[in-house]
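# Descriptive analysis of the structure
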Amino acid sequence: SGFSSFVVPTFGIHPHPGLGEEVRHERMGRSFDVVERFRPTHVVHLGGAEEEGRDEHVDYGDIEGTSPFVAGGDSAMMRRFTRSLGMEQVLQSLARDNGRRDDGGAGQPRMVYVSSDEVDDLSGVPFAPDGGRRRPPASVLGASSLAAELLASYYHRRHSVFSVGLRLPAVLGPFGRPGSLLHDLAERTVRHAAGRNVDGVPPYHRDRDRYVLDGMWRRRRGAEKGEMEQIVYVGDVANAVLAAMQYGPPQGGDGSDAAAASGPPLLRIGSKFTASMRDLAESMERILPAHDQSDLPSSSDSGSSSSAATSSLHVHGISPRDAARNRDLLGWAHYTQLGEGTKSTLAWHVLNAYPYGLPGGVPSRDAFQGLLDESSETLSFMNLPC
C-alpha cells in the first residue's frame, strides 16, 4: 500500500518478487501477508492520498508509455495499480488473519483507508436514478476511490473485515506533489516574492513556463472557470486518521456487530471552507506580495468574479449532518482556518526554498521571516524539507 512503502519498505508490490528479502518470504508462502509478517495493531492504507484529483494526473506527462514500470516505477499507471492491488492485499491479509483467530475477528487490527469526495460526482456511476438520460462524468481518482470502497464493503460482508473509510476533499498543506496545482501555486508565490535574477534565489524558481497561470489553470478540471472546491488542511486530515484508528466496530446487545447490516463506516472528512483555485492564488499573493510588480497576475489571469460566483452555487462545505457524524463517531472536527493553513503551507515552501536559512540579500527577507515566525508553532510539527 502507499503507506507501507513509507513505513514498511520491505512490503509492497515488486515487479520481480524473487529479488532481495522477498525470496525468503515467498518461500514461506507469506510474501504479501502484512498482518502475518508484522503483526500490526493498526493498518493505515493511504494509497491515493498522494494523488491530486480533478484529472490533474494527465498533466504530469508520465502516462505516455505503455509500461507501468517507466519513471522508476512511479508512473501514474503504476501508482494507481499499486493503490488498488495494495488495498486488496491488505484486506486479504486481514481476512486470513480473521480465519486464524478464535475470537471471531474481535482482535483484528484496526484498518483505516482514504477515499475521495470525487466518488460523489466523478466516479462515472450514477447513484441517483435518472432514467439513463445522462452519463455521469468520471475521473481517475473518483473511479479508483469507488473501487477501494467497494473492496472494503465486499471484505466486510464476506469475511467480517472491519475498516473505516475517509472521503477526503482537496487537501492543502506541505509535502504536495511537485507539478500539482496546489503545490505550484505556493511555489509560484514564493518565487514572485523572492524576485527574479536575485542572488540566493533557487534556480528552479526561474522556471517561468511552469508558473504561467494560463497554463496552470488548465491542469485541474474546473480551475480555469473558477469552480469552487471544498478544501481541508493536511493537519486536520492527519488528526482524522488518528481518530479513525481508535474507532472500532460497535457491538450490539448480544455481542454481534451492529454495523454488519449497513457495511463498514464511511465518513466524509472536510471543512466548511470552499474556494476556487483562483481565490487561493490571490490569497497567497496577499500573504506574500510579489517583489517585482510585473510578476503579479494580470486581470486576464485572475478571471471574472461572476464566473466564480456562478460556479459556486452548487458547492458547499461539509454538511451539518456529516460534521455531526464525524463528531459523534470520531470526536473529530476540522479546526484549521483556511487562511492559517495557507500561511503554514507557504511557510513550508519558504523553508523548502531556503533550507539553510534566509540569505541576507533576498529582497523579501523580512516578509519571509515574518511568515516563518508567525507559523513557527505549526512548523515545529513538520519535518524539514531538506
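Residues numbered from 1 in each chain as written. Predicted model: local features only at pLDDT ≥ 70, side-chain atom pairs only at ≥ 80, totals over all residues. Heavy atoms only, no water.

### Quick word on the nonpolar core
Definition in use: Take the buried residues of types Ala, Val, Leu, Ile, Met, Phe, Trp, Tyr and Cys, join any two whose side-chain atoms come within 4.5 Å, and each joined set is a nonpolar core. Here's how the labels work: a residue is buried when its accessible area is under 20% of the maximum for its type, exposed when over 50%, partly exposed in between, all with a 1.4 Å probe on protein chains only. Every helix listed is a DSSP run of H or I at least four residues long, and every strand listed is a run of E at least two residues long, numbered separately from the N terminus.
Core analysis: the biggest nonpolar cluster contains 32 residues, and L185, W217, L288, V350, Y354 and F368 have the highest contact counts within it. Of all the secondary-structure elements, those providing two or more residues to this core are strand 4 (170-172), helix 7 (181-194), helix 8 (213-217), helix 10 (277-287), helix 14 (338-353) and helix 15 (365-374). Among the elements that line this core, the one with the most residues is helix 7, at seven residues. Counting residues in hydrophobic clusters, the runner-up holds 19 residues, among them V44, A240, V241 and A244.

### Looking at the side chain of S364
How we decide: N or O atoms within 3.5 Å of each other form a polar contact, as long as, within protein, one can give a hydrogen and the other can take it, and as long as residues adjacent in sequence are counted only when both atoms are side-chain atoms. Residue contacts follow a heavy-atom distance rule, with two residues in contact if any of their heavy atoms lie within 4.5 Å.
The residue S364 is located in the loop between helix 14 and helix 15 in this model. Polar contacts involving the side chain of S364 include one to the main-chain carbonyl oxygen of A193, which spans 2.2 Å. Excluding its chain neighbours within four sequence positions, the residues that come into contact with S364 are A193, A194 and H291.

### Observations regarding the sheet that holds strand 7 (residues 274-276)
To keep things clear, this is the line we draw: One requirement defines pairing of two strands: DSSP has to find at least two bridges between them. Only the stretch in contact is used when a helix axis is fitted, and all axes are lines through C-alpha atoms; the angle between N-to-C directions ranges over 0 to 180 degrees.
As summarised here, the arrangement of the three strands in space is 4-5-7, forming an open sheet in which the pairing is mixed. The open sheet terminates on both sides in strands that have one partner only, identified here as strand 4 and strand 7. Within this sheet the neighbouring strands show an average axis-to-axis angle of 55°, counted without direction. Across three bridges, strand 4 lies against strand 5 (residues 228-233) in parallel orientation. Bridge pairing links V171 to V232 in strand 5. On top of the sheet, helix 9 (residues 234-245) reaches strand 4 and strand 5; it is set at about 65° to strand 5, its chief contact.

### Some words on helix 15
Quick reminder of the rule: Along the arc lie the directions from the helix axis toward the C-beta atoms.
Among the residues making up helix 15, those that are buried are F368, L371 and L372. All buried residues of helix 15 project into a common sector of 100° when viewed along the axis, lining one side. With respect to the buried face of helix 15, the exposed residues turned more than 90 degrees away are D366 and E374.

### Section: the pattern of salt bridges
This is how the line gets drawn: By definition, a salt bridge exists where a carboxyl oxygen of Asp or Glu is found within 4 Å of a side-chain nitrogen of Lys or Arg.
Using the criterion set out here, one finds 15 salt bridges in the structure. Where E374 meets K343, a salt bridge forms, and the shortest distance between an N and an O atom there is 2.7 Å. With E374 in helix 15 and K343 in helix 14, this pair connects stretches of sequence that are 31 residues apart. The class for E374 is exposed, based on a relative accessible area of 53%. Three or more residues joined by partner-sharing salt bridges are found here, namely D120, E149, R167, R268, R321 and D322.

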